[in-house]
Each structure stands twice: as C-alpha cells, then as structure tokens.
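# Fold and geometry: a report
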Amino acid sequence: MIALGATAFSLMALNLLVATRAPGVDRMFGGLDQVYFAHKWFGILALACAFLHQQIKISTDGKEVQQALSAAAVEVAEIAFPVLLVLVLISFFKRLPKVPFEIPYQIWRWSHRLLGVVFAALAFHQFFVKAPFDNNALLATHLNVMAVIGLASYGWTIGGPLLRRRKYTVTAVTKHAAATIVDLEPVGKGIDVRPGGFAFVSFGAKGLGEPHPFTVSEVRPNGGIQFSIRGLGDFTKRVRDGLLPGDVARVEGGYGRFDYRAGGPRQVWVAAGIGITPFLSFADSLPATGAPEICLVYCVRTEAEGVGLDRLRRAAERTSSFTFKLHVSEADGRFDAARLVALVPFDITGAALWFCGPAPLRVALAKGLKGLGKSPRSMHFERFEFR
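Residues numbered from 1 in each chain as written. Predicted model: local features only at pLDDT ≥ 70, side-chain atom pairs only at ≥ 80, totals over all residues. Heavy atoms only, no water.

Now for the environment of Met12. Relative to the helices and strands, Met12 is located in helix 1 (residues 2-18). Each C-alpha atom of the pair Met12 and Gly150 lies 7.3 Å from the other, and the pair is 138 residues apart in sequence. Here Met12 is in contact with Ala46, Leu84, Leu115, Phe119 and Leu122, once residues within four sequence places are set aside. (Helix = DSSP H or I, 4+ residues; strand = E, 2+ residues; numbered from the N terminus. Contact = heavy atoms within 4.5 Å.)

Structure, rendered in structure tokens:
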C-alpha cells in the first residue's frame, strides 16, 4: 500500500514538472509533443496506483505516530481521491466514445489546473500522515522532495507563461478556403522559433483569451510570424469570425523538434490538409543551393483548399533540389502508399519521410509502404493532441 501511494504521488509530481513546458524537459523527451504524450500516461499510471493505494488496507495497530493533524491528513486524502478520479477521467475521456460530444476546452483546461490543487492536498496528506513511518524515514524524505518539486512546478505553470509570453500585433487576417491565415508582428522582442516549430497563442479579442498551440507557417527575418489555422473547434471558429487587424496577440514559444535539417541528404515530405503548415516554413528556409534532395507531396481534396501553393512553387523554382507535387483527391483519386511512390522521383527506401496530417493516414501510408517493400529509412512526425 505504501509503495503504491508513494508511486502515485511521485508520478503526480513528475507530471506537474513536465507540464511546465521547461526547455530542458522538452529536450529530454525529444519535443513538447512527446512530453504531452508521456504526461498523459503518467497521469493514467498515477491514477491506477492511487486507486490501488486507496483500496488496499493494512493493519497499523501500535505503529501510528500520534499527531493532531494525522486524522485530518487521512480525511483530506479521502476527499482528494474522488476529485482526482473525476479530473483525470475528464482529461482522458475528452471525447466520449461513439457520442458526438467533446468536453469544452475551457472545462478541460480548468480540470488540469485543479489537479495542482489536488496535489497540494495530497502533499498535506503525505506530510502529516504518520502511519507506519515518520519524517525521519528515507521514504518520507523522498516524498517531501517530490512535494516541493510538484508544488514549485505547479506555481511555475500558473505564473511562468506570463513571463514567457511576447506581445504581438495582428497585421492581417486572411480567410482562405481551408484556413484562417493570421499575420503577426512583434511589439518589442518576439519569440525564438525555428521553421517547423509551434507556439501557444492567445488574442485580446473577446472569447480568444485562452492560449492554444498552432504550428508557425512562416518565420520572417524581422521577427514577424504567421499562423494558418483551420476551423476545427469553437476557438478557431471565433478566430475566423472575430479576429481583426490591430488586435493584440500574446505568443509563447517556440516549441517542437520537427526539423528537416536532421533528416539526411534525401527526404520525402508528406502533408495532408492543414498539415502543410510546417512545410511552408521549411520550404521558405531552403537555400538556393546546398539543400537536401526533397520531394514534397501535398494532398488536398480540391486545389482551392491548398494553402500556400504559390510559396511552394516559388521554393521549387528557387531551389533546384526541391520538388513539389500536388495531389488533388477529387481529380486524382484516393491518396495512398502506391500513389506516393509514383509521385516521388527517387527511391523512398533510402529517404527520410516527414509527415504532418491525420494520424490514420500516417498509419495507412506506413503500412502500405511496408507492404510495397518501400519503407523509408526513417519516419518523422509530431503528435499534436495536447488534450
């Protein structure tokens, strides 16, 4: 029982630490998307250990360290556990299976914030509950250290973004058929973001104050940046309908390890829908000479839904080693591994494949290429499920 409780508490503390979005944590896990993937499973394991800890009873007759706050510590844990259960379930079941309902982002976000309060209650529990060990024990010292780590991380999560955010001004809002393209210029110092990276952005306009992560689709030499945002939820729809030039934006970043420069001399880039965003900034950054041999295949339903097509064609004209192929599903049929192999002008098996788009398509392409005996040398992608 004690080991399970200690494990649950330690996992919660580590989860609060990785949620800080600290640069060192980002590097340790290989990107913020991997951090949040680990964060999800840390939470599930913590809940499982806490459940077992709460269910297993042991006899401590004659072993308790008598203290006035011990009883209160036990009562606090009994209250905190069901609250923890509800909050973790909200986080895990953001979309109910086979039900056309999604938990609103604001509720999901505040449920995450309240997890820090639950952790503080459990820190009180572990510090004052004295059965069957006291604070001189090695385990108690470990848990006290974890409590400090967790509480400090929670404080940084609440206050840190206020220090990391940079102020920008919205200079243009373009309503493309497939996305809302938002151009921003920094007020003072902007963020440091590389092509292919992403940032958290919020706006001063009504209903747009919650920070959301989006890939940066253009990085300009003067510090200006661009987001190409697809209307998939309430926030993104409000961006399209309510954001205006002159509005204030707050941007935190940059994040991400999706960087083609680590991909070797021959690469295949595959984008589907709004997954073109990192490749737009990639293509902009390609030098006229000395770039790897690259073929970008961009899959869209109709050509009108293609974002940044002129930029991609200009990059292909400027950089001789860069080839751009557009697959229009309405005209060209279903996009699959065989079609990808036909479009790429070199052997995929010796190339690194960089993918951004729906996860089912990524899985289908990997399976199809393997079936054709054309598996790439490596496959790179980021998970953009942050909740």
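Further remarks concern the pattern of salt bridges. Once the charged atoms of two side chains with opposite charge are near each other, the side chains can pair. One pass over the structure, following the stated rule, counts 13 salt bridges. One salt bridge connects Arg220 with Asp183, and the closest N-O pair in it is separated by 2.2 Å. Taken together, the residues span a long stretch of sequence, with Arg220 in the loop between strand 4 (212-219) and strand 5 (225-229) and Asp183 in strand 2 (residues 180-186) at a distance of 37 residues. Note on Arg220: relative accessible area 19%, which makes it buried. A single salt-bridge network, built from bridges that share partners, covers Asp183, Glu185, Glu218, Arg220, Asp284 and Arg311. (Salt bridge = Lys/Arg side-chain N within 4 Å of Asp/Glu carboxyl O. Buried < 20%, exposed > 50% of the residue type's maximum accessible area, 1.4 Å probe, protein only.)

Turning to the packing of aromatic side chains, a few remarks are in order. For the structure shown, the criterion picks out 14 aromatic pairs. Relative to Phe279, the ring of Phe258 lies with its centre 5.9 Å away and its plane at 65°, an arrangement referred to as edge-to-face. Residue Phe258 is located in the loop between strand 6 (248-255) and strand 7 (266-272), and its partner Phe279 is located in helix 8 (residues 277-285); the two are separated by 21 residues in the primary sequence. No difference in accessibility class separates Phe258 from Phe279, as the two residues are buried. Summarising the aromatic geometry, the rings of Phe258 and Phe282 are spaced 5.7 Å apart at their centres and angled 20° between planes, so their arrangement reads as stacked. One end of the pair, Phe258, is in the loop between strand 6 and strand 7; the other, Phe282, is in helix 8, with 24 residues separating them in the sequence. Phe282 matches Phe258 in its accessibility class, with the two residues each being buried. Sitting over the ring of Phe381, Arg362 keeps its end group 3.8 Å from the ring centre. (Phe/Tyr/Trp six-rings, centres within 6.5 Å; stacked < 30°, edge-to-face > 60°. Lys NZ or Arg CZ within 6 Å of the ring centre and 35° of its normal.)

Of all six residues in strand 3 (residues 198-203), six are buried; the element is thus mostly enclosed. Bridge analysis of strand 3 against strand 4 gives four bridges, and the strand direction is antiparallel. For Ala199, the partnering residue across the bridge sits in strand 4 and is Phe214. Summarising the sheet, strand 3 and strand 6 pair through six bridges and their orientation is antiparallel. Directly across from Ala199, in strand 6, lies its bridge partner Gly253. (Pairing = 2+ DSSP bridges.)

Attention now moves to the environment of Ile191. Relative to the assigned elements, Ile191 resides in the loop between strand 2 and strand 3. In the structure, Ile191 is positioned 24 residues away from Lys167 in sequence and 9.2 Å away in space, judged by C-alpha atoms. Ile191 has contacts with Arg166, Tyr168, Ala199, Ile225, Val251, Gly253 and Gly254, leaving out every residue within four places of it along the chain.

Ranked by internal contacts, the top residues of the largest apolar core, which has 27 residues, are Trp269, Ile276, Phe279, Leu296, Tyr298, Leu312 and Phe322. Where this core is concerned, the elements lending two or more residues are strand 7, helix 8, strand 8 (293-300), helix 9 (309-318), strand 9 (322-328) and strand 10 (352-356). Among residues more than four places away in sequence, those in contact with Tyr298 are Ala271, Gly273, Ile276, Glu305, Gly306, Val307, Leu309, Leu312, Phe324, Lys325, Leu326 and His327. Counting 24 residues, the second-largest nonpolar core is a separate cluster that includes Met12, Leu84, Leu87 and Val118. (Core = buried A, V, L, I, M, F, W, Y, C linked by side-chain atoms within 4.5 Å.)

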